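Letter by letter, the chains look like this.
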Amino acid sequence: MRVHVVSDVHGNAEALRRAGDGADALLVLGDLVDFVDYHDPAGGILGHVLGPQVSARFGQLRAAGRPGELVAYVREQWAARPDAGVLGEEAVREQYTVLFAALTAPTFAIPGNVDLPRLWPEFTRPGLSLPDGRVAEIGGLRVGFVGGAPLPPGREPHRGGPWYPHVLRAEDYAAAVDGLGPVDLLCSHVPPAVPELAYDVVARRAEASAPALLAKVHRDRPRAALHGHVHQPLAARVRVGRTECVNVGHFQRTGVPYVLRW
């Protein structure tokens, strides 16, 4: 069995068309949408809707802004465009139309934190499975999938405004992980809460990670725990007990899938 795994596609449909070549199945671990293009401020949803200056400032604040400054800035910019919500959703649909058409069969895809999973049912077709929060049998192995990103304990998702990330309350995310039961492979968008996996050396900060995933790795000892989300990790792989925890790579930039064989 040969399985290819990608994450953080961020609009790279050209590479996505080739991602399943030679594989029995393709796993997509989230962030299909290119929300903010840090390499081209005119690209991405933010650059398309609010302009390249806003997109560039977003990148600056994300890298070096004071606590809360980025959120306040984005809300202010969205509020200045009464039609931003409509334009943003149209832009997302345009990206999804191209990206979902690029997927080969069979594909198993879960959303990342910048995706809009409520739109995904519009793009379902034969050969495409959306197994978020479920287990799929692939080549005789139980593969568990959990999309999105957990918030810190006590934080509530912000659902107001024209755009909001796909984040879950910590307890809801943990319930989704626990609900999988025993798995041979654990697939998520964010990493287990291992500092080396969560730290981004370019952003110089720890990105979102999940204590619930780490607890499951300790408890169930799957063969591997695969994730994305952290674009430039301090460590791309860390062994926890018998489980190999692997960041499958920033597919937007590499265009190369991670390969599994069994």
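Going by the structure above, here's the rest.
Residues numbered from 1 in each chain as written. Predicted model: local features only at pLDDT ≥ 70, side-chain atom pairs only at ≥ 80, totals over all residues. Heavy atoms only, no water.

1. Quick notes on the overall build of the chain
In plain terms, the rule: Helix and strand definitions here come from DSSP, where helices need a minimum of 4 consecutive H or I residues and strands a minimum of 2 consecutive E residues; each element is numbered from the N-terminal end. Only the C-alpha atoms count toward the radius of gyration. The rule for a globule is 2.2 Å times the residue count to the power 0.38. Exposure is judged per residue with a 1.4 Å probe applied to protein chains only, and the accessible area is read against the type maximum: over 50% gives exposed, under 20% gives buried, and values in between give partly exposed. Residue contacts are counted whenever heavy atoms from the two residues lie within 4.5 Å of one another. Values of accessible area rely on a 1.4 Å probe in the Shrake-Rupley scheme; residue burial ignores everything except the protein chains shown. Neither His nor the chain ends contribute to the count of charged residues, in which Lys and Arg are positive and Asp and Glu negative. Each charge is placed at NZ for Lys, CZ for Arg, CG for Asp and CD for Glu.
What the chain contains, in helices and strands, is nine helices and 15 strands. Its C-alpha atoms give the chain a radius of gyration of 18 Å, near enough to 18 Å, the size a compact globule of 262 residues would have. Dimensions of the chain, computed from C-alpha atoms along their principal axes, come out at roughly 50 × 35 × 30 Å. Looking at the chain as a whole, 51% of its 262 residues are labelled buried. Looking at the chain alone, contacts between residues at least 24 apart form 59% of all its contacts between residues at least 6 apart. Accessible area for the chain stands at about 11,700 Å²; split by element, carbon and sulfur atoms hold 53% of it. Computed over 27 positive and 28 negative side-chain charges, the inter-centroid distance for the chain is 5 Å.

2. Details of the pairing of strand β5 (residues 135-138)
Heads up, the rule is: Think of it this way: DSSP has to see at least two bridges between two strands before they count as a pair.
Here β5 shows one buried face, formed by A136 and I138, and one open face, formed by V135 and E137. Both β5 and strand β6 (residues 141-146) contribute to a ladder of four bridges, which runs antiparallel. Of the residues in β6, the one forming a bridge with I138 is L141. Here β5 folds back onto β6 in antiparallel fashion, the turn holding two residues, of which G139 has a positive phi close to 60°.

3. Here's the deal with the sheet that holds strand β3 (residues 107-109)
Strands sit in the order β4-β3-β2-β1-β15 across an open sheet of five strands; the sheet is mixed. The sheet terminates laterally at β4 (128-129) and β15 (258-261), the two strands that pair on one side only. Summarising the sheet, strand β2 (residues 25-28) and β3 pair through three bridges and their orientation is parallel. Across the sheet, the residue bridging to L27 is F108, located in β3.

4. Thoughts on the pairing of strand β9 (residues 185-188)
Successive side chains on a regular strand alternate, one facing one side of the sheet and the next facing the other. Residues L185 and C187 line one face of β9 and the alternating positions L186 and S188 line the opposite face, and both faces are buried. Note that β6 and β9 share four bridges and pair parallel. Along β9, the bridge assignment pairs G144 with L186. Where β9 lies against strand β12 (residues 224-227), three bridges are found, and the strand directions are parallel. Opposite C187, over in β12, you have L226 as the bridge partner.

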